[in-house]
Structure formats: structure tokens, C-alpha cells
Amino acid sequence: MNILTEKFNTPYHSAPFNDIKNEDYLPAFKELIQKSEEEIDAIVNNPEEPTFENVIEALAYSGEQLDAVSNIFFNLNSAETSDELQQIAQEVSPILTEYSSKISQNEALFNKIKKVYDEKEKYNLNEEQQMLLNETYKGFVRSGALLNEEDKEKLKKISMDLSLKSLQFGQNVLASTNNYFKHITNKEDLAGIPDAILEQYAEEAKERNLEGWVVTLQYPSYIPLMTYAENRELRKEIALANGKKSFDGGEFDNQNLIKELLTLKQQKSELLGYKDYADYVLEERMAKSPTKVIDFLNELLTKAKPYAEKEIEELKSLAKADGIDEIQGYDHAFYAEKLRKAKYDLNDEELKPYFPLNQVQDAVFGLANTLFGLTFEERNDIPKYHEDVKVYEVKENGEYKSLLYVDYFPRKGKRAGAWMTSYKNQYKKDGENSRPHISIVCNFSKPTKDTPSLLTFQEVTTLFHEFGHALHGMLANTQYPTLSGTSVKWDFVELPSQFLENFCYEPEFLKTFAKHYKTGEVLPDEKIEKIAQSKNFMEGYQTMRQLGFGLLDMNYHTKVGELENKTVKEFEDDYTKATQLYPVNPETAMSPSFSHIFQGGYSAGYYSYKWAEVLDADAFQYFKENGIFNPEIAAKYKVLLSSGGTKDPMELYKNFRGSEPKVESLLKRAFG
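Keep in mind that what you see is a predicted model, and the values were worked out from it rather than measured.

What counts, and at which threshold
Residues numbered from 1 in each chain as written. Predicted model: local features only at pLDDT ≥ 70, side-chain atom pairs only at ≥ 80, totals over all residues. Heavy atoms only, no water. Pairing = 2+ DSSP bridges. Helix = DSSP H or I, 4+ residues; strand = E, 2+ residues; numbered from the N terminus. Axes fitted to C-alpha atoms, helices over the stretch in contact; angles between N-to-C directions. Disulfide = S-S within 2.5 Å. Buried < 20%, exposed > 50% of the residue type's maximum accessible area, 1.4 Å probe, protein only. Phe/Tyr/Trp six-rings, centres within 6.5 Å; stacked < 30°, edge-to-face > 60°. Lys NZ or Arg CZ within 6 Å of the ring centre and 35° of its normal. Lys, Arg positive; Asp, Glu negative; His and termini not counted. Salt bridge = Lys/Arg side-chain N within 4 Å of Asp/Glu carboxyl O. Polar contact = N/O pair within 3.5 Å; in protein donor to acceptor, adjacent residues only side chain to side chain. Core = buried A, V, L, I, M, F, W, Y, C linked by side-chain atoms within 4.5 Å. Contact = heavy atoms within 4.5 Å. Parallel < 35°, antiparallel > 145°, perpendicular 65-115°, else oblique. Left-handed = near helix turned anticlockwise from the far one by under 90°. Nonpolar A, V, L, I, M, F, W, Y, C, P; charged D, E, K, R; others polar.

Trainee: Tell me what's going on with the sheet that holds strand 9 (residues 437–441), and back it up with residues and numbers.
Mentor: Strand order in the open sheet made by the 5 strands is 3-4-5-9-6, with mixed pairing throughout. The open sheet terminates on both sides in strands that have one partner only, identified here as strand 3 (374–378) and strand 6 (419–424). Looking at each pair of strands side by side, their axes are set apart by 30° on average, direction ignored. Here strand 5 (residues 399–407) pairs with strand 9 via 5 bridges, running parallel. Among the inter-strand pairings, Y405 is bridged to a residue of strand 9, identified as S439.

Here it is, written out as C-alpha cells:
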């Protein structure tokens, strides 16, 4: 018996991690694909007249077990991978791509969908049903349902190639990150680095059976070094290593893969009748067109650049006092931290004792309780995929609402960064509201023998960010799984996450949880005030950085032809030139490790972070005007979160706010 092909015999049918073996995956995928294909065949071969119920709804509910196993497998491939899992991923990805192509290009199925779509006036559909019908029809058309047989085959091959190459891109970045480490034996080389970080470096060395200290390119190791190391040559060396990830001409180089991925995306778009990949993607976004995105990014660029240049001038003055005539990118974090300390008398190491992970988690759980009535209770009887993971049962008014998995610490098999994902979507069927299983994955510093996990303030905001996404999933209350939770337009999906970060800067909230882990002393008022003031510290620089990523992404997906005569590095330099604030290093490039757009779902969509910032600034402004814990506004916001993708996002937003979002709200928050 294959554990993955049965209904999971666990609390709330949660993923049975304890019983899954790697050899279960491939046969399970094959069996469940066959089962899902049988469900599709049943829809196609149903002799009754096609209706909304027996075609559109039946399709929306199909493949449930396959989705569950896919979620388990691909989530583990990000959070707890191994060579064996990566090998299975290489085998499974083309099979799944072929399966989804088979469905999206099933002519008999599409004919039934089209019939229901063409006759939709005769059905008395509610708003969510209309959305499901429109999205289903459009999804098939965008997947090639109107193409001839020859073009359908071409599209199928392109989709399979894209799937494999994007997977390879991510594996190369992970391998390139893991391959590098810097072994240091002279403590003087690490001058300026706080003791807690040195302890972390020493533990890393010990794990590798080395004396001294080891620095890696994992963020909890890399960022503190760049921020505190007085040794400029060491900062330069580590920054160079980071900037060469998958860009060194070696085994894990991604430059050719980038060109191949972009060419495939362009071919796919043209085949489907679009000018380019951005045109194809943005049809399904709030922004609608590449022109609108470029205009939006350039408007922000014009307004933010003077602020950014002024910030860099301040850093140059500090560097000059240290005898540095030309400040470089690898000096930025070091001098920004110096300036922050001078301006606000704040540094991460001073603040960290006030932000032990357990207190920050309690705070975000408490906020969810205040705003939405949620409670969190740890469960030890629900299987986990690693001992670091904790599982919580989430309740609302005493009633089960969701499972929440949290996985906070870096491991060799975990990719860098932080993300929210789900193991199971919410939906309603046969009178039952089937609740979601949500997961947050981060890379915070592990507790040591003497110290709990202490978060930098940026990590505090990261946890709130991912928890905002998690709330979007946990509060989901829709009929269909495909419209549930975070299944919304990509440029809307960051609103809940970025919105929640705002609370971290509110003094009345900060005082409730920023307490020293040893003494229980509340973070002093002047520090809290300075955190609030520091919210916009280096906002110009950060904005330029994000705009650089957004413009590069948009140009990659509208001007792929230029790559025939340019290297990836030349292309990157050309389209980030307007946003660069430091000299460009000829030996580094960020594109070969830009996983968001070449592996993740942000292709032609990286702008959505800034787009969503306009939404979140405007939404939080509404709370600020009426009280940040205002129950009436929280109730309206909860409706927005629980509605998922059942309505047009702008309509959802206007129902909550009473008007469209204003870019001025962001500019006011960022630059006063």
C-alpha cells in the first residue's frame, strides 16, 4: 500500500510525514495522475447535457489527492530537500507538466466548458460561480485550447522544457550557495562582529570539523558579516562570492539557462497570440499591461531617486572619514548600520535581545486574535517533516479553522529566504467547509546552547510579512479550492503580507512584546520611538533596489530579442543603470540567482511588490485614521482576506476602503 494514494489517516487528514518514504513519490504521482485523468474522463463522457455543475464545478473539485501529494513533495523540495528528492523532482516535473497539458488541451473537455461559457446567461450563477466559469474558460484558452494540434504539441513541449529548466535554475542557485564557505582562523579578521554572530560562525565551523569560524552565503550568516565586519577586504570577498552565485562559468552557472528560459517564454507567448511574455502575464493582473507597469515604476523612480541619492551622500561622508574615497556596494550595509546607529542609536545586536522568536510569534498570534478572533494551540500529535517544525491548530470562537506549520531555522536542505505555502486549500463541498493547512518557512538564527533564537528587527518584519500571507490562507472562506486563499491576482497577493508589517512600527503594539528575554524589561520608549522613526531609513535606497529588480524583470520579459547580441551581464547593467547608486562590479551579476523570476512565480511580476505597497500603505492609513485595532475596519478587512479570488481585486479593495488606492499614501509614508 502506498501511503500517499490513500486518504491520510492523521488528524485533519494532515500530511503523513512520518510514514512517507522517498520511493513512495513516483508511483504515487503516476497512480494519482491516472485517477485524476479518470475523473476528467467521467466529466467528458457524461452523456447528460453539459451544465455548470457537471462540468465547471466537477473540474474545480477534481484531482484533490494529486494536489495534496504535489504540495507535500514540492514544499519539501524547498524546505527539506536532498539529492534524492531533487532527482525525483527532475522525473516528476515533466510528468505533471504533461498531465496538465493533457487536461488543458483536451478538446472534448474544452468543448463542454465552451458550451457552458457560451450559454452562461441561462444559468442563475452567483458572483463566485461566474468568476469560476470565467477563470476556467480563460485558463483553457491561455493554455492553448484554441490552438491547432501541431501548435498544441509545440506548446506542450515548451511547457515541459520550462518546467525542467526553472527547476534546474533553482537547484543551481542552491548548490552554488551551499558550495561556498569562508574559513577564518584569525579572530582579528572578524573585528566588529557581535559575539552572538561569532558564536554562530563557530558552531558552523564545528559542524564542518574545522577550528575557528565559518561564514556561508546563507542570509543569517552573510547579512551580519556585511553589516558589522570592519575588515573591508573580507566584506569585499564575501560580497564578490555572493554576487558570483551561478555566475562563475562553473557547473552551476545559470547564464545560458536564463536565455533558454526567456526564449521559451517568448515562444509560448507568441504561440498563444501575445506580443511577449509580459503581455501574456499581465492580462491576468491588476496592472493589465507592460506599459502601465513601466510607467508606474518610472513614476516611483523619478520621485524616489533624489531621496536615495541624498542617503548615499550621507554614507559617503561616513566612509570618507574612514579614508574611503569611493564607496562601493559592499560598503553599503556597514555604513548604513553606522548611520542608523548615529541617527537613531539603534543597532540590530542591541535590539535582538528584545525580540526572541517565541515572543515575536506570540505577538503575531495575539494580533491575529485581536483583529480576527483567532487562537493558536500547539499540537504534538500531528506529523512533521523535521524536528524544528511546530504545528498549531488555529481556532475561531473555539471552532477549528486551520493548521499552521512553522519552520524557522536554516538547514542544508532548505532554500534561502522566507515564504508561505500551503499543503491543502480551503473549499466547501457537500455541506462541509474543508479547512486549509498553511505553512510558514523562514531562515532565522538557530538558538544556541545559551541563547534563544533572537531576531533582528528586519526578521521581525519578515515573520509578520509571511504571517500576513498565512492569514490570507487561514481565513479563506470560498466555495471552490481554485479561488481560495492566496489564489488571487499576483499584484494583489502581497497586500496582506505587506499590510501586516506596518504593525511592527506602531509604538502601542511594540510595547506589548518587545521585552528583554533575560530581564523582561520593555524596550525603552526612546528606542521604540526611534524604531518608528527609522521605518523610512534608507527608504530611497530600498525603493531604488526594488525598482531595479522590477524594471529588469519587465525588460527581460519584453525585450528577449536583445539577448541574442548581449550577455546576461550586459543586459542587466543596461536595464538597472537608472537605479544604480554604486559603481557596478564587472565580476558580479544578480540575474543568475534571481530565483523569484526564473524559478518562482514572479516572471513579469516583480513590480507587484511595489504595486502592493501602494495598496498596503493606503489600507493601513485607513486603520491609522480610525485606530489600528479598530474592530469594524478589521471586520471589513477580514472579508477582503476571506474572499480569496472570488471577486475582482480592485472591487474587493474598494468594498473595504471605499475608494481606489492612492499612490500618494505610499509616498507620504515613505518620504513624508
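Trainee: I'd love a proper account of unusual backbone geometry, names of residues and values included.
Mentor: A negative phi holds for most residues other than glycine; trans holds for most peptide bonds. At N209, a position not held by glycine, the phi torsion is positive, near 60°. Secondary-structure assignment places N209 in the loop between helix 8 (195–207) and strand 2 (213–216). A positive phi is found at N397, a non-glycine position, where the angle reads about 50°. Within the element layout of this structure, N397 appears in the loop between strand 4 (390–396) and strand 5.

Trainee: Break down the state of the cysteines for me, citing the residues and quoting the values.
Mentor: Taken as a whole and assessed by the stated rule, the structure comprises 0 disulfides. Free of any disulfide, C442 has its nearest cysteine sulfur in C504, 12 Å distant. A relative accessible area of 0% places C504 in the buried class.

Trainee: Tell me about the packing of aromatic side chains, residues and numbers included.
Mentor: If you walk through the whole model with that rule in mind, you get 56 aromatic pairs. Here the aromatic rings of Y25 and F73 are separated by 4.9 Å at their centres, their planes lie at 65°, and the arrangement is edge-to-face. Highlighted residues: Y25 in helix 1 (residues 22–44) and F73 in helix 3 (residues 64–79), separated in sequence by 48 residues. Assessed through its relative accessible area of 0%, F73 is described here as buried. If you follow R142 out to its NZ or CZ, it ends over the ring of Y280, 4.0 Å from the centre. Residue placement shows R415 over the ring face of W419; its charged tip is 4.0 Å from the ring centre.

Trainee: Describe in detail the side chain of E466, supporting the description with residues and values.
Mentor: Looking at where E466 falls in the secondary structure, it is placed in helix 17 (residues 457–474). The side chain of E466 is buried and forms no salt bridge, while R415, the nearest opposite charge, is found at 9.0 Å. Among the polar contacts made by the side chain of E466, one reaches the main-chain amide nitrogen of M420 at a distance of 3.2 Å.

Trainee: Account for the nonpolar core, with residues named and values stated.
Mentor: One recurring pattern in soluble globular proteins: nonpolar side chains tend to sit buried together. If you look at the biggest cluster of nonpolar residues, it comprises 137 residues, and the most contacted ones within it are F355, F376, L404, F464, F467 and Y556. With 10 residues, the top contributor of residues to this core is helix 13 (residues 290–321). The residues contacting F467, other than those within four sequence positions of it, are V364, F365, A368, F376, L404, I440, M474 and L500. Counting 61 residues, the second largest nonpolar core, distinct from the first, contains Y99, V116, L132 and Y137.

Trainee: So what about the packing of helix 4 (residues 83–104) against helix 7 (residues 149–179)? Which residues, and what values?
Mentor: The geometry of helix 4 relative to helix 7 is characterised by a closest axis approach of 9 Å and an angle of 155° between their N-to-C directions. In this view, helix 4 runs roughly antiparallel relative to helix 7, as classed from their interaxial angle. Helix-helix and strand crossings are classified by hand; for helix 4 and helix 7 the assignment is right-handed. Of the residues in helix 7, those in contact with Q86, A89, Q90, S93, P94, T97, E98 and S101 of helix 4 are K156, S159, M160, S163, L164, L167, Q168, Q171 and L174. Across the contact of helix 4 with helix 7, the residue classes break down as 6 nonpolar, 9 polar and 2 charged.

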